[in-house]
Amino acid sequence: MKKLLLPLFMVVATAAFESASSAQASDVKTLEKGTSVNLSFGTSKVKLGLNLPSGRFEPILDTQNFTPDDVFSYNASTAAYVCARDGTQQLLQIYLLRVDSLKWDAYFSLDGELVNIEEGALGGSGVNKASIEFDANGEFVRQIPYILNTVTIHAPRLKQKIEFDFYSSETTSFDAYFEVKNFAVNGCR
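The shown structure was predicted, so the numbers you read here are calculated from the model rather than taken from an experiment.

Peer 1: Go over the pattern of salt bridges, please, and point to the residues and values.
Peer 2: Following the criterion strictly, the structure yields one salt bridge and no others. Taking the shortest distance from any N to any O, the salt bridge between arginine 142 and glutamate 133 comes out at 2.8 Å. What makes arginine 142 partly exposed here is its relative accessible area of 43%.

Peer 1: Got a sec to walk through the packing of aromatic side chains? Specific residues and values, please.
Peer 2: Overall, the coordinates contain four aromatic pairs when judged by the stated rule. Centroid distance phenylalanine 66 to tyrosine 95: 5.6 Å. Interplanar angle 55°. Geometry classified as tilted. Here tyrosine 95 lies in strand β3 (residues 89–100) and phenylalanine 66 lies in the loop between β1 (45–51) and β2 (76–83), a separation of 29 residues in the sequence. Here phenylalanine 66 falls in the buried class, since its relative accessible area comes to 11%. Considering the side-chain rings of tyrosine 74 and tyrosine 95, the 4.9 Å spacing of their centres and the 65° angle between planes classify their relative orientation as edge-to-face. Here the residue tyrosine 74 occupies a position in the loop between β1 and β2, and tyrosine 95 occupies one in strand β3, the gap between them amounting to 21 residues.

Peer 1: Could you give me a rundown of the side chain of threonine 78, with the residues and numbers involved?
Peer 2: Relative to the assigned elements, threonine 78 resides in strand β2. Look past the residues within four positions of threonine 78 in its chain and what remains in contact with it is Leu92, Gln93, Ile94, Val180 and Phe183.

Peer 1: Go over the confidence of the model for the protein chain, please, and point to the residues and values.
Peer 2: Detailed reading of the predicted model is not advised wherever pLDDT is low. Taken residue by residue, the protein chain gives an average pLDDT of 74. The fraction at 70 or more is 63%. Confidence, read as mean pLDDT per element, is least for helix α1 (residues 2–19) in the protein chain (38) and greatest for β3 (91). Under a pLDDT of 50 for its full length, residues 1–27 has, in the predicted model, six contacts with residues more than four places off or in other chains.

Rules and cut-offs
- Every chain is numbered independently, its residues counted from 1 as its sequence is written.
- Residue-level local features of this predicted model are given only where pLDDT is at least 70; pairs of side-chain atoms are given and counted only at 80 or more, and the full residue set underlies all totals for whole chains, interfaces and linings.
- To get the side-chain values, take all heavy atoms of the structure and skip hydrogens and water.
- Whenever Lys or Arg places a side-chain nitrogen within 4 Å of a carboxyl oxygen from Asp or Glu, that contact is recorded as a salt bridge.
- Buried, partly exposed and exposed residues are distinguished by accessible area as a fraction of the type maximum, computed with a 1.4 Å probe on protein chains only: under 20%, between the cut-offs, and over 50%, respectively.
- Centre distance within 6.5 Å is the pairing criterion for rings of Phe, Tyr and Trp, where only the six-membered ring of Trp is used; planes under 30 degrees apart are then read as stacked, over 60 as edge-to-face, and the remainder as tilted.
- Secondary structure follows DSSP: runs of H or I at least 4 residues long count as helices, runs of E at least 2 residues long count as strands, and numbering of each begins at the N terminus.
- Residues are treated as being in contact if the distance between any of their heavy atoms lies within 4.5 Å.
- What pLDDT reports is the predictor's confidence in each residue, on a scale of 0 through 100.

Take a look at the structure:
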């Protein structure tokens, strides 16, 4: 049985090492024989695939009136937990507002605090939203600012780079209900 555990441990350790390629050298520790290991890696990627309704029954909202506390100030929302490198979790909420027939705005919050996506800080005076644009057929065109793909989040328990990826092939604006097609967060155990 011991001979089987060593190859299994090597496979798990190799996979963990490969998925932690962004870990800092200071994060590496030497373990003594017999020490148990609890592997945890912080969230580095959030993948989103959404349908944001294009129909005439989905109201166009004024972003000046947006507040997470008022459910009438946004059209839809979704949430998932993101993890710090030590395994602690924070609730990531995404609020979506239809601002014209081909454009939606997305606001992000961590544990109830709006995220400044330009600088990756909570609050502040930077850009607090991203925009997602569609063509006349409801197909994804782009997200603005593009910096959204390389945001460094600085929150009380979460200081790391997280890539937000609105799957261009999955995110649509069709005349159908709001749908979360894909919401994948890596790094949580």
